[in-house]
2 protein chains.
Amino acid sequence: MSYVIDKLKKLKELESDLLEASSLEKNNALKEVAIAIENNRDDIKRANQKDINIGKENNMNEALLDRLMLDDERIDGIIEGINTVIDLQDPIWKSEKVWTLENELTVSRMSVPLGVIGIIYESRPNVTVDAFSLAFKSGNGIVLRGSSSAINSNIALVHAIKEGLRKTDISEEVIQFFEDTDRKHVMSLLTAKGYVDLVIPRGGKGLIDLVLENAKVPTLQTGEGNCHVYVDESGNLDEAIKIVENAKLQRVGVCNACETLLVHENIAEDLLPRIYEMLNNKAEMVGSERVREIIEIERATEEDYGTEFLDYKIAIEIVKDVDEAIKHINKYGTKHSESIVTESYTNVQKFTKMVDASTVYVNASTRFTDGGVFGFGAEMGISTQKTHARGPVGLEQLVTHKYVVLGSGQIRK
Amino acid sequence: MSYVIDKLKKLKELESDLLEASSLEKNNALKEVAIAIENNRDDIKRANQKDINIGKENNMNEALLDRLMLDDERIDGIIEGINTVIDLQDPIWKSEKVWTLENELTVSRMSVPLGVIGIIYESRPNVTVDAFSLAFKSGNGIVLRGSSSAINSNIALVHAIKEGLRKTDISEEVIQFFEDTDRKHVMSLLTAKGYVDLVIPRGGKGLIDLVLENAKVPTLQTGEGNCHVYVDESGNLDEAIKIVENAKLQRVGVCNACETLLVHENIAEDLLPRIYEMLNNKAEMVGSERVREIIEIERATEEDYGTEFLDYKIAIEIVKDVDEAIKHINKYGTKHSESIVTESYTNVQKFTKMVDASTVYVNASTRFTDGGVFGFGAEMGISTQKTHARGPVGLEQLVTHKYVVLGSGQIRK
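This report concerns the structure included in the present document.

The rules behind each value
Residues numbered from 1 in each chain as written. Chains lettered and ligands numbered in written order. Predicted model: local features only at pLDDT ≥ 70, side-chain atom pairs only at ≥ 80, totals over all residues. Heavy atoms only, no water. Salt bridge = Lys/Arg side-chain N within 4 Å of Asp/Glu carboxyl O. Helix = DSSP H or I, 4+ residues; strand = E, 2+ residues; numbered from the N terminus. Buried < 20%, exposed > 50% of the residue type's maximum accessible area, 1.4 Å probe, protein only. Pairing = 2+ DSSP bridges. Axes fitted to C-alpha atoms, helices over the stretch in contact; angles between N-to-C directions. Contact = heavy atoms within 4.5 Å. Least-squares fit on C-alpha atoms with pLDDT ≥ 70 in both. Phe/Tyr/Trp six-rings, centres within 6.5 Å; stacked < 30°, edge-to-face > 60°. Lys NZ or Arg CZ within 6 Å of the ring centre and 35° of its normal. Buried area = accessible area lost by both parts, 1.4 Å probe. Polar contact = N/O pair within 3.5 Å; in protein donor to acceptor, adjacent residues only side chain to side chain. Nonpolar A, V, L, I, M, F, W, Y, C, P; charged D, E, K, R; others polar.

### What to know about the pattern of salt bridges
- A full pass over the atoms with the stated rule returns 54 salt bridges over all chains.
- For Asp43 of chain B, the salt bridge is made with Arg46 of chain B, and the minimal N-O distance between the two is 2.5 Å. You can see Asp43 of chain B and its partner Arg46 of chain B sitting in helix α3 (residues 41–57), three residues apart, about one turn around the helix.
- Exposure remark for Asp43 of chain B: the relative accessible area of 39% places this residue in the partly exposed category.
- One salt-bridge network, in which partners are shared between bridges, spans Lys12, Glu15 and Asp197 of chain A together with Lys335, Asp356, Lys386 and Arg390 of chain B.

The following block contains the structure:
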């Protein structure tokens, strides 16, 4: 416990320094961090090669090895990410609301940092820098717990970040890192009441469930996306095929990819053969008996409809109407991103209102749910919970608020 | 478990009905509820008298008996509360942000109900109706678990609410109530993952700690207020005395009352005797050795500074400067409401920025932290946590958001 609490205590002590740091100071520090990453490029690549070699020895699969890998292009991307965050407006000490009460008290609702943010993440080492930049710009201390498979890469990146911070007046201790990836420290973090203001798990269902089961501190669920495309009777079929192709195939390992296709029964015989043709040899298709009467694919299990494949696989179902589509989505979905292809105004209204998800699309691919795309500049993940923040988590979602009330001796009658 | 899950399942089934109900329908239903409470006035008073009699038999103290009591005036207040909520703008399906991306996707961030809200509350039966009105207006189903000491009053109030709802097209099942106050059902509610979207405990530290310790569902901490008034060297002492008097004495059993007075050392000899004179025979004063060199009061323990007395009692401490005051507050406070009395511009900046609380005041009583006072119309409590909502919890805090993205065939490149 003390391994974790000691780190968190350091962050708590630095909260006021971070709150007092001006935007200029924070941006200059981020510039120094970018320079330090550039200067440490070779060390970072060497450390990453070590992780890759260990991964290969342990028969890590190609997809995971690819997520783990840092080459020059990806390091360029990390540096570019820092520059993006530098360009974003400081989210702290901003107010969209100032009002005056009858008794002349002036109330403003000001944004302030959350305090200390914890991130538990899986293999991608770029998260180390992305998460630091966002937390730092929003005035938060950060503690990072990456996976053991990326430990050498992460240590090298944290080393570079701290080297950059040492060039500034801001303490390098504003970033804390778990060099020891023992699972018990994750448990300590999740139960460190009063020391951490928000813990964000970034990873698969296993990690998210672990966090939900054990956390005694506030958490933010991100990233589980069992997303659907529903093609309505009135939908443009050419458009529908392009949208399904994009949502399923453009990138399969991401949370906003499409996992299930729902088709209105009146167009199933037209659409499904074309979908089959488009996906054949590119993705595995599974479907219900009704679907299999039209196209020759494997039978879908109940479980398939509830699974985020993150793979070249799609489940297909035929529905009676938009209401049945909404019901299916609200039953099996993870409240991430859902799309309808339709020309019906009434069904647009129904679908956008009744589907329970962070983001609902009309005639567009689900792949756009992303902080960068939405104009937030960068993101910490996509929240699939309803409290605190929903959808892409950018700088604006890493803050809390404080009411500042200015008076002249007012007392309550 | 099934006692609770059955109730929650009913609420989940009604989510879409609540979402589809127009503001007019919701307001008309609230009007029917107000009429039903008026029509059931005698039954409600009789049921309340039963609770009062049982309370007296069990030697319930005067303060608690007063909180439990419903007379005509308080029932008028309950009805007035419903009318206030009727007059508030519907918080659902509103957007303050609509923007268009480069690819012509139009994104709007729409407010939508959370879904199902659970309230666990202590003796005041008016909460039954207040909480229902706010949850209902914001499109949420609600499950209520009141204290056993108010069970007859609560049952009578819920009966009236349901009678009102039966006059409308909205199901009376949108309000669920625990007739059985067995503690095990509280545990079931706190662990009903997937069935309840937010649980709000309204009560003392014991209840809040129980919830924090056991909840596996999202919760909102409310109401614990160890609030401070700090009188700075430059503060107007006449104003300071009035503010302390108001913050401490105007109502002692509330979360925004002052529990500790902090005084700058350079004015302690002037101010403390005047404070003593004002509070003497009205409130018990305890202080540090330094304070006791100036006024003859009992010694404060470390625990006193960390206690929300909710009583005619105040702890007093002398501090070196505003920095020490901020440090004391951030150490002992509960992040609720904190006030500085000062003429120093620099200290206003420091105090408002560095004090970690939902609401910070300059030259005003802490007693104003209240949804009604702030113009929110009504409130579900004062949140002392940083995530989801902070400060008074009104209609706007009982919603979540959904991004609605309108396209014309866009796919991601």
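### Some details on the sheet that holds strand β6 (residues 198–202) of chain A
Residue and element names in this part refer to chain A.
- Across the sheet, four strands lie side by side as β5-β4-β3-β6; this open sheet has parallel pairing. One side of each edge strand has no neighbouring strand; the edge strands of this open sheet are β5 (175–177) and β6. Across the sheet, the mean angle from the axis of one strand to that of its neighbour is 20 degrees, orientation sign disregarded.
- Relative to strand β4 (residues 141–145), strand β3 (residues 116–121) runs parallel, the two sharing five bridges. Note on β4: the bridge partner recorded for Gly118 is Val143.
- Each of β3 and β6 is contacted by helix α9 (residues 205–214), which is oriented at about 155 degrees to β6, the strand it contacts most.

### Digging into the relation of the copies chain B and chain A
- For the match of chain B to chain A, the screw axis carries a shift of 0.0 Å, the RMSD comes to 0.0 Å, and the turn is 180 degrees. In symmetry terms, the pair is related by a two-fold rotation axis. Closest approach to the rotation axis among the C-alpha atoms of chain B is made by His388 of chain B, whose C-alpha sits 1.7 Å away.
- A shared binding surface is used by both copies, with 100% of the interface residues of chain B retained as interface residues in chain A.

### Here we look at the packing of aromatic side chains
- According to the stated counting rule, one finds 16 aromatic pairs over all chains in the structure shown.
- Measuring from centroid to centroid gives 5.9 Å for Tyr305 of chain A and Tyr332 of chain A, while their planes differ by 50 degrees, and the two rings are tilted. You can see Tyr305 of chain A sitting in helix α13 (residues 302–305) and its partner Tyr332 of chain A sitting in helix α14 (residues 322–332), a full 27 residues away along the chain.
- Residue Tyr305 of chain A is classed as buried on the basis of its relative accessible area of 6%.
- Taken together, the ring pairs connect Trp99 and Tyr403 of chain A together with Phe374 and Phe376 of chain B into an aromatic cluster.
- One residue, Lys353 of chain A, lies across the ring of Trp93 of chain B, its end atom 5.6 Å from the ring centre.
- Its end group placed over the ring of Tyr3 of chain B, Lys7 of chain B keeps NZ or CZ at 4.8 Å from the ring centre.

### Description of the interface of chain B and chain A
- Taken together, the contact between chain B and chain A spans 67 residues of the former and 67 residues of the latter.
- Contact with chain A buries area across many residues of chain B, yet Lys386, Tyr403 and Arg412 of chain B alone supply 14% of it, more than any other trio.
- Taken together, the links from chain B to chain A amount to five salt bridges.
- Across the pair Asp197 of chain B and Lys386 of chain A runs a salt bridge whose closest N-O atoms are separated by 3.8 Å.
- Linking chain B with chain A are 41 residue pairs in polar contact (both at pLDDT 80 or more).
- Broken down by secondary-structure element, the contributors of at least two residues to the side of chain B that touches chain A are α1 (2–20), β2 (106–113), α9 (205–214), α10 (237–249), α15 (345–354), β13 (359–364), β15 (391–392) and β16 (399–410) of chain B.
- It is β16 of chain B that contributes the most residues to the side of chain B that touches chain A, 11 residues altogether.
- Each residue belonging to the side of chain B that touches chain A can be placed in one class, and the counts come to 29 nonpolar, 21 polar and 17 charged.
- Sheet analysis places strand β13 (residues 359–364) of chain A next to β16 of chain B, joined by five bridges and oriented parallel. Paired with Tyr361 of chain A across the bridge in β16 of chain B is Val405 of chain B.

### Describing the sheet that holds strand β4 (residues 141–145) of chain B
All names here are of chain B.
- The strand order across the open sheet built from four strands is β5-β4-β3-β6, with neighbouring strands paired in parallel fashion. Sheet topology places β5 (175–177) and β6 (198–202) at the edges, where each strand pairs with a single neighbour. Between one strand axis and the next, the sheet turns through 20 degrees on average, direction left out of account.
- With five bridges connecting them, strand β3 (residues 116–121) and β6 associate as parallel partners. When the bridges of β6 are listed, Ile119 appears paired with Ile200.
- On the sheet, α9 packs against β3 and β6 and is oriented at approximately 155 degrees with respect to β6.

### A short note on the environment of Leu207 of chain A
All names here are of chain A.
- In this fold, Leu207 is placed in helix α9.
- Look at Leu207 and you get buried, because its relative accessible area is 11%.
- Placed 14 residues apart in sequence, Leu207 and Gln221 show a C-alpha to C-alpha distance of 9.8 Å.
- Filtering out sequence-adjacent residues up to four positions away, Leu207 remains in contact with Ile120, Glu122, Pro201 and Arg202.

Geometric descriptors of this kind do not, in isolation, establish any biological role.
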